[in-house]
Amino acid sequence: MELIIKATVIGVAGAILTLIIKKTNPEISTVLTLAVCTVIAGLTLKAFSSVKEVLELVEVGTGFSSAYTAPVLKCVGIGITARLGSDICKDSGQAAVASSVEICGAVCALYVSLPLIKTLLRMIGELA
Amino acid sequence: MDVDLIFKIAAVGILVAVLNILLSRSGRDDQALMVTLSALVVVLALVVQEISQLFDLIKNLFGL
């Protein structure tokens, strides 16, 4: 698993370079942070695609409907995106923007999981 | 998605920092600001493509 070593090296090198630039050009250092996050997230998500293949295999093998797993995956995606965005805003000193991004992420996750909640409610209705 | 991107941006940042100091020491603060702004635009243009690739990857992977 050389991915973790790669991610660590990229992260540490990026952090040190960011510190060098931050004194004179804080705006470029924020962009550098963004680039480091993008590169590491890209590497990670490429590795995650093989995990997703296994998940699809499990779905096919057990006949488990993808209607149940799709919202979970979507929530993971929304969480990663919202967390990265809000942390970058927080790092550049904009806590208000960061919390609004987080709220948007929470609402989007709720919106994505609405079909699941509907199914659950319908199931309870049939039982009662 | 490569490490080269990070080194590219860091190089631009260090270069601009030096230029900024040189220009502001010689009393040309307005030019220093312009250099900083143009460097910011260049660096953002570099990063934006990568971010759009990342978002496409996230969209495909998680079915958003």
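Residues numbered from 1 in each chain as written. Chains lettered and ligands numbered in written order. Predicted model: local features only at pLDDT ≥ 70, side-chain atom pairs only at ≥ 80, totals over all residues.

Chemist: Would you mind going over the interface of chain B and chain A with me for this structure?
Modeler: Interfaces are often sized by the amount of accessible area the parts lose when they come together. With 28 residues of chain B at the interface, the matching set in chain A holds 32 residues. Looking at which element gives the most residues to the side of chain B that touches chain A, the answer is helix H2 (residues 29-62) of chain B, with 13 residues. Split by residue class, the side of chain B that touches chain A holds 22 nonpolar, four polar and two charged. (Contact = placed C-beta atoms within 7 Å. Helix = DSSP H or I, 4+ residues; strand = E, 2+ residues; numbered from the N terminus. Nonpolar A, V, L, I, M, F, W, Y, C, P; charged D, E, K, R; others polar.)

Chemist: I keep staring at the nonpolar core and nothing clicks. Help me out?
Modeler: Nonpolar side chains tend to gather and get buried jointly when the protein is soluble and globular. In terms of nonpolar packing, the biggest core is built from 21 residues, with Val31(A), Leu32(A), Ala35(A), Ile6(B) and Ile9(B) touching the most fellow members. Breaking this core down by element, the ones donating at least two residues are helix H1 (2-22) and helix H2 (26-62) of chain A together with helix H1 (3-25) and H2 of chain B. For this core, the leading source of residues is H2(A), giving ten residues. For Val31(A), the residues in contact, after removing those within four places along its chain, are Ile9(B), Val43(B), Leu44(B) and Val47(B). By size, the runner-up hydrophobic cluster in this structure holds five residues, among which are Ile78(A), Ala82(A), Ala98(A) and Val101(A). (Core = buried A, V, L, I, M, F, W, Y, C linked by C-beta atoms within 7 Å. Buried ≥ 20, exposed ≤ 12 C-beta atoms within 10 Å, placed from the backbone.)

Chemist: Looking at this structure, I do not really get H1(B). What am I missing?
Modeler: Within an α-helix, residues lying three or four positions from one another point in the same direction, as the helix has 3.6 residues per turn. In a regular helix each residue adds 1.5 Å, so 23 residues correspond to 33 Å; H1(B) covers 33 Å between its end C-alpha atoms and thus fits that length. By the burial criterion, the buried members of H1(B) are Ile6(B), Ile9(B), Ala10(B), Val12(B), Gly13(B), Val16(B) and Ala17(B). Taken together, the buried residues of H1(B) touch H1 and H2 of chain A together with H2 of chain B. Positive phi shows up at Gly27(B), right after H1(B), with a value of about 80°. (Expected span 1.5 Å × (residues − 1).)

Chemist: It is not clear to me how helix H3 (residues 66-91) of chain A should be interpreted in this structure. Could you clarify?
Modeler: Given a rise of 1.5 Å per residue, 26 residues ought to cover 38 Å, and the 37 Å separating the end C-alpha atoms of H3(A) matches this to within 8%. Of all the residues in H3(A), the buried ones are Pro71(A), Gly77(A), Ile78(A), Thr81(A), Ala82(A) and Ser86(A). Close packing links the buried residues of H3(A) with helix H4 (95-112) and helix H5 (114-127) of chain A together with H2 of chain B. Two residues or fewer after H3(A) comes Gly93(A), characterised by a positive phi angle close to 85°.

Chemist: Please clarify how the domain arrangement of chain A should be interpreted in this entry.
Modeler: Residue and element names in this part refer to chain A. Assigned domains within chain A: domain 1 (1-48) and domain 2 (65-128). The gap between the C-alpha centroids of domain 1 and domain 2 is 26 Å. Opposite the five residues of domain 1 that make contact, domain 2 presents four residues. Residue composition of the side of domain 1 that touches domain 2, grouped by class: three nonpolar, two polar and no charged. (Domains from an automatic or database assignment.)

Chemist: Is there a simple way to think about the confidence of the model for chain A in this case?
Modeler: Detailed reading of the predicted coordinates is not advisable wherever pLDDT falls low. Mean pLDDT over chain A: 89, with 100% of residues reaching 70 or higher. Across chain A, the secondary-structure element scoring lowest on mean pLDDT is H2(A), at 88, and the one scoring highest is H4(A), at 94. (pLDDT = per-residue confidence, 0-100.)

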